[in-house]
Amino acid sequence: MYQSDGGKLKATHLERSAYLYIRQSTLRQVYENTESTKRQYALKKKAVALGWPEDSIIIIDNDLGVSGASSGSREGFKKLVAEVGMGHAGIVVSIEVSRLSRNSSDWLRLLEICAITDTLIMDEDGIYDVNDFNDRLLLGLKGTMSEAEIHFLQARMRGGTISKARRGELKRALPAGYVYNGDDKIVMDPDLAVQNALNLFFKTFRRTGAAFATVREFRRLDLKIPKRFLSGFRKGELAWNPLTHCRALGMLHNPLYAGIYCYGRQQIKKTVSGKKSFKMPVESWHAYMPDAHPGYITKDEFEENQKKLKENAYAYGEDRRKSPPREGPALLQGIIVCGRCGKRMSVRYQKNCSKLVPIYTCMRDLIENGAKMCQIVMGEKVDEEISKLLLEMLNPLAIKAAIKVQNELKSRKLEALSFYRQQVERAKYDMEIARKRYMLVDPQNRLVATELEAEWNRKIRELEKLKDNYEKKKEDDLKEVTKTVKSDIMKIANDFAKIWSSANVSFKDKKRMIRLLIEDVTVKNNDKKVIASIRFRAGTCKTLFIERKLPICEVRKTRKDIIRQVDELTENYIPSEIADILNRKGYRAWNGNMFNLRTINRIIRTYGIKRRRKRLRDKGCLSLKEKMLETNLSQAQIMQMRNEGKITFYRITDRDEYLYEPQDTCKYLAKIQP
Ligand SMILES: [Zn+2]
């Protein structure tokens, strides 16, 4: 209990809420260090003792298990700063200053805001008024020391690790193919099967020159790659798995396989958006020792492999990855998901008359496991339909209707809310009556007094429950669409169509706009349609059925019934005649043109229709020479007989080529065709 608050505590502080901030750095501490957590919650009692009513003490414990080294990911701390900034807080309570922040700049900012809003700070040692010079100095020191403490702690741990690594003595998890021997030296795995598998892996890469090809080769021959469990109940055990692309790359990039001991290939750096892991160049590694242990490949081969892999990576192109918007015209790049396997799809472009046509492909399984390509979706039509949909949805009329519905919903919610408030009022009244009854009863009458007290307690609990319920409902959704917001939205809707169809807007910007509206698009090829399910940022979904664009070979395909007719007609007619017959019947080619000699000939050739010459020859018809031999007549004589119609003959092509009926002495006229 505080003997005195040194006159720092004023009524104005008590009018506002007390904020109790609770944090443990790691989840482990949350579980193991329960004593400290209890101590932190106990501070609430101190705040009560100072005069804050229990219901105006707000506990912020969202940050349990979050480190205090920066405010970036600490939602609770951000909330605290916001509340203090708005002047809602009379005092900020925390077990010690380091719980609030391990980062001086965050800490000083909080102090600054506390000074402006006249907010007190309390820890286990006492109360501080930031506007008091001495207190401020003390708080500043406490913050700085807490930051220094964590810095020294980290530096000591980190320094130890790095110097150990520099000596090559840092023991780390080893990849498959290596183990530590009794003297903690890295040696090749004594299991010969493991060694052979790794040797084969590097040999296959040497031959194929690509990680992907190596994976495919391993899959084709059903070869497995070893993996040693590094932790868990199977620690030390060996497992044989199919090779994946990811694993292959990991092995090819690992210098350990070339006998190089290294540390610091990836290093963590601070950036604006928090800490990030970066791949470092060799010069910046903490340790680099070639020939430290036996290698599966030589150092030169390793470097050669790195070069090869880099070249291969260029060939894959930039648009392949899940990536920020790029310049290409594929609108859905980076947000398109395969409807068959759920993986992200990549983009390819096809040049079609100087225009780039996007093609979405699902190749993850192909690359990763050497399996089959999952699906290809022609992007032109899909992109078109999606931009049409966006224009439709952002149409001013549609938005006006949406705002109207929203208002309607809000007024309904308000009605419901007033109902909940009335419930709270009634419960308050009931509680008050129960309290009065209890107060009025004769304390001697124990039995009745206990009964009444229980009743009172019950009413209090009921009231609390209803209050909670009401608060929750109130918070739920009362975000109002104000008039200015409404007019802003309408303006955007009006401009959107203009901006969208403007030629000056780059594809990159369009893609950015799409990403503001759409979370992702899942596509799946159906028989004749592409099914595209669009998930909007607002939470709604929409499914489009888009006519599938057929590949050109499919488009040019001649209809089956036409092929059948050509086949039948070839029995009796030459190609130009067949074209005439089909045209007269109203048939047209794939592009809407009339049939002609050439197209019919192409159909006969493409679909392997038995030619007229072959059909007649099979029936025994004779060529001119054979006819001459059979009849012992000269060529001129036969031609004359033909012209006069004294023998049976057939025209077989549009050129003057004929076949003759054998042993034909009758004076048949040549068949006259319609
Ligand atoms: Zn797929």
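Computed from a predicted model, the values in this text were never measured in an experiment.

S.K.: Quick question: what am I supposed to make of the pairing of strand S1 (residues 17-21) here?
M.R.: Remember that side chains alternate between the two faces of the sheet whenever the strand is regular. Most of S1 sits inside the fold, with 5 of its 5 residues counted as buried. Judged by which residues are buried, S1 turns out to be covered on both faces: Ser17, Tyr19 and Tyr21 on one side and Ala18 and Leu20 on the other are all buried. Judged from the 4 bridges that link them, S1 and strand S3 (residues 89-93) form a sheet pairing that is parallel. Across the sheet, Tyr19 pairs through a bridge with Val92, a residue of S3. In terms of strand pairing, S1 meets strand S2 (residues 57-60) through 4 bridges, oriented parallel. Bridging from a neighbouring strand, Tyr19 pairs with Ile58 of S2.

S.K.: Would you take a moment to explain the coordination of the zinc ion for this structure?
M.R.: Tetrahedral coordination by four donors puts the ideal angle at the metal at 109.5 degrees, and octahedral coordination by six puts it at 90 or 180 degrees. Within the protein, the zinc ion binds to Cys338 (SG), Cys341 (SG), Cys362 (SG) and Cys374 (SG); these donor distances fall in the range 2.2 to 2.3 Å. Each of the 4 donor atoms bound to the zinc ion contributes to angles spanning 100 to 118 degrees, and the resulting shape is tetrahedral. Considered as a linear motif, the donors of the zinc ion on their single chain read C-x2-C-x20-C-x11-C. Highlighted residues: Cys341 in the loop between strand S14 (336-338) and strand S15 (346-352) and Cys362 in strand S16 (residues 355-362), separated in sequence by 21 residues. Overall, the relative accessible area of 35% leaves Cys341 in the partly exposed class. Overall, the relative accessible area of 1% leaves Cys362 in the buried class.

S.K.: Looking at this structure, I do not really get helix H14 (residues 396-440). What am I missing?
M.R.: Every α-helical turn comprises 3.6 residues, leaving residues that sit three or four positions apart pointing alike. Helix length check: H14 (45 residues) gives 66 Å between terminal C-alpha atoms against 66 Å at 1.5 Å per residue, within 8%. By the burial criterion, the buried members of H14 are Ile399, Ile403, Lys410, Leu417, Val424, Ala427, Met431 and Ala434.

S.K.: Would you take a moment to explain the packing of aromatic side chains for this structure?
M.R.: What characterises a pair of aromatic rings is the spacing of the ring centres plus the angle enclosed by the ring planes. All chains considered together, the criterion is met by 11 aromatic pairs. With a centroid separation of 5.4 Å and an interplanar angle of 75 degrees, the aromatic rings of Tyr178 and Tyr296 are classed as edge-to-face. Of the two residues, Tyr178 is situated in strand S6 (residues 178-180) and Tyr296 in the loop between strand S13 (287-289) and helix H11 (299-316); the sequence distance between them amounts to 118 residues. Of the two residues examined, Tyr178 and Tyr296, each falls in the buried class.

S.K.: Help me understand the pairing of strand S18 (residues 518-525), please; the structure alone is not making it clear to me.
M.R.: Where S14 meets S18, 3 bridges bridge the pair, whose relative direction is parallel. Among the inter-strand pairings, Val337 is bridged to a residue of S18, identified as Thr522. When S18 meets strand S19 (residues 529-536), the two strands line up antiparallel, connected through 7 bridges. When the bridges of S19 are listed, Val523 appears paired with Ala532. What sits between S18 and S19 in their antiparallel hairpin is a turn of 3 residues.

S.K.: Would you take a moment to explain the pattern of salt bridges for this structure?
M.R.: Think of it this way: side chains of opposite charge can pair up when their charged atoms draw near. The full count for this structure, using the stated rule, is 33 salt bridges. With its nearest N and O atoms 3.0 Å apart, the salt bridge here joins Arg234 to Glu237. Residue Arg234 is classed as partly exposed on the basis of its relative accessible area, which comes to 32%. For Glu385, the salt bridge goes to Lys388, with nearest N and O atoms at 3.4 Å.

S.K.: I keep staring at a positive patch on the surface and nothing clicks. Help me out?
M.R.: On the surface, a cluster of positive charge is made up of Arg556, Arg598, Arg602, Arg605 and Arg611. Within the element layout of this structure, Arg611 appears in the loop between helix H21 (597-606) and helix H22 (612-618). The exposure class of Arg611 is partly exposed, given its relative accessible area of 44%.

S.K.: Help me understand the sheet that holds S19, please; the structure alone is not making it clear to me.
M.R.: Pairing is mixed in the open sheet, where 4 strands are placed in the order S14-S18-S19-S20. If you trace the sheet from one side to the other, it starts and ends with S14 and strand S20 (541-547), each paired once. Taking the axes of each pair of neighbouring strands and ignoring which way they run, one obtains an average angle of 25 degrees across the sheet. Note that S19 and S20 share 7 bridges and pair antiparallel. Note that in S20 the partner of Ala532 across the bridge is Leu544.

The rules behind each value
Residues numbered from 1 in each chain as written. Predicted model: local features only at pLDDT ≥ 70, side-chain atom pairs only at ≥ 80, totals over all residues. Heavy atoms only, no water. Buried < 20%, exposed > 50% of the residue type's maximum accessible area, 1.4 Å probe, protein only. Helix = DSSP H or I, 4+ residues; strand = E, 2+ residues; numbered from the N terminus. Pairing = 2+ DSSP bridges. Donors = N, O, S within 2.8 Å, 3.2 Å for Na, K, Ca; no water. Tetrahedral: all angles 85-135°; square planar, octahedral: opposite > 155°, others 65-115°. Expected span 1.5 Å × (residues − 1). Phe/Tyr/Trp six-rings, centres within 6.5 Å; stacked < 30°, edge-to-face > 60°. Salt bridge = Lys/Arg side-chain N within 4 Å of Asp/Glu carboxyl O. Patch = residues over 30% accessible without salt bridge, like charges linked within 9 Å, V, L, I, M, F, W, Y side chains within 5 Å. Areas by Shrake-Rupley, 256 points an atom, 1.4 Å probe, with all protein chains shown as cover. Lys, Arg positive; Asp, Glu negative; His and termini not counted. Charge placed at Lys NZ, Arg CZ, Asp CG, Glu CD. Axes fitted to C-alpha atoms, helices over the stretch in contact; angles between N-to-C directions.

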